[in-house]
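Residue strings, one per chain:
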Amino acid sequence: MPPCRLLRRLTELAQIGRSESGGVTRPGFSPADLEARRYVVREAENSGLPTAVDAAGNLWLGPRPRPGTTMLVLGSHLDTVVNAGPLDGVYGVVSALEAVENLTSLCLAHPVTAVAFANEEGALHPQPFWGSLAASGQLPPPAAAPTAYDGTLLRDAITRAGGNLDAIDQARLDPQQLLAYLELHIEQGPVLERERIPIGIVDAIVRRVQLEVELIGEAAHAGTTPMPGRSDGLAAAAEIVLAVEGLPATGWCQVATVGRLEAAPNSPNTIAGLVRLTVDVRDADEAQLHQAADEAVRRIESIAQRRTVKASCTRAASSKPVLTDTALRRSIAAAAARRAVPTLPLISGAGHDAQMMAAITPAAMIFVPSIGGVSHVPHEDTSPDDLVVGAQMLQDTALALTSHPGSLA
């Protein structure tokens, strides 16, 4: 494992989409995302690896399975949220590329390939996990003309990335050609750092439901409109934010967040007539999560009615809780034991592409510590030593899984 190359690539990718504040903004299918994809393609091709883009816009790096064999897929995503850190997603892609480069010359029973799934975050185009949902055959039929938050057509964005929305079914992978899927990721939480353990082996990934909420009030002059009788969309939204925040405290779910809010006309002297916001609800128990999402909708509708605002709630995204594959977890633990690297079982509170891939093939995840337990912020960080150890664990596990023919035991 050449650590200098791994760290160099992470450093160079962190400059793509970097803002003056130091954060990285590289939403899926944005110009910065496409630039990052071109960078990774150049790195792969410089190592002699084949590259390809499927109809969904997923970027594939490395060999595909020979007739009669199955492939091990390693990967994650290159896109980010707004003003993100330098490691979420991209660390898994770069480490997967490193593993493929180092293993391709070996005579393996199963080829190893890397993938950068498209638009995992859904930060610009509100279709999170787009690439892995398409690859796993779970992508809901898209609307006639799905658009980004800024009005950009998804069709055009995918075309620029090298995909084809009209042929989206061609991105679906054949489960018979898959050995397994492994994803390396920063923890995005405080447990590994607190326990001083370098490697986390993920037991389960929680489920989430994302609601898109639209509140329609009545825009009016802020100075001449009396307080009684106002239909203030932003005031209703403020109350909804607190109502959503209160769901976990009353036992409805583990966490609940309003992370995005837009008001129109967004003028300092005008009552907001239109507000759009998102509600993110997460829990490890699927039945409990559905109940929490239903309760969120009830609270939103009750607040809107009391404030004479019209409300509409749409379930924009949903992911199932996933138990990772037992045999893969054992393989990761064995790889760590061979190098005397301590490990800890963890549950992931964040969603990942592994969640989607688990529907069609055995899937597992490796975590490395996050400094301060933070992610999705500019100061997201992991020590270089931990980054290298995680990448080595990914490669060692991949080598053990692909050295001999046969399926997972």
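Structure: see above.
This one's a predicted model, so the numbers in the text were calculated from it and none came from an experiment.

Here the residue pair A264 and P265 is connected by a cis peptide bond, since its omega of 10° sits within 30 degrees of zero. For P265, the location among the structural elements is in the loop between β9 (255-264) and β10 (270-271). Despite not being glycine, Q188 shows a phi value in the positive range, around 70°. Relative to the elements of secondary structure, Q188 occurs in the loop between β5 (178-186) and α6 (191-195). The exposure class assigned to Q188 is buried, which follows from its relative accessible area of 17%.

For the rest of this paragraph, the subject is the pattern of salt bridges. For the structure on display, the rule yields 21 salt bridges. Note that R298 and E295 form a salt bridge whose closest N and O atoms lie 2.8 Å from each other. Here R298 and its partner E295 are both found in helix α8 (residues 286-306), three residues apart, which amounts to about one turn of the helix.

For the structure on display, the rule yields two aromatic pairs. Ring geometry for W60 against F117: centres 6.5 Å apart, planes inclined by 80°, an arrangement best described as edge-to-face. Placement of W60 in strand β2 (residues 59-61) and of F117 in strand β4 (residues 112-117) is noted, with a sequence separation of 57 residues between them. W60 gets classed as buried once you look at its relative accessible area, which sits at 2%. Ring geometry for F117 against Y181: centres 5.9 Å apart, planes inclined by 55°, an arrangement best described as tilted. Of this pair, F117 sits in strand β4 while Y181 sits in strand β5; the two residues are 64 residues apart in sequence, bridging distant segments of the chain. The residues F117 and Y181 share a single accessibility class, namely buried. Taken together, the ring pairs connect W60, F117 and Y181 into an aromatic cluster.

The rules behind each value
Residues numbered from 1 in each chain as written. Predicted model: local features only at pLDDT ≥ 70, side-chain atom pairs only at ≥ 80, totals over all residues. Heavy atoms only, no water. Helix = DSSP H or I, 4+ residues; strand = E, 2+ residues; numbered from the N terminus. Buried < 20%, exposed > 50% of the residue type's maximum accessible area, 1.4 Å probe, protein only. Salt bridge = Lys/Arg side-chain N within 4 Å of Asp/Glu carboxyl O. Phe/Tyr/Trp six-rings, centres within 6.5 Å; stacked < 30°, edge-to-face > 60°.

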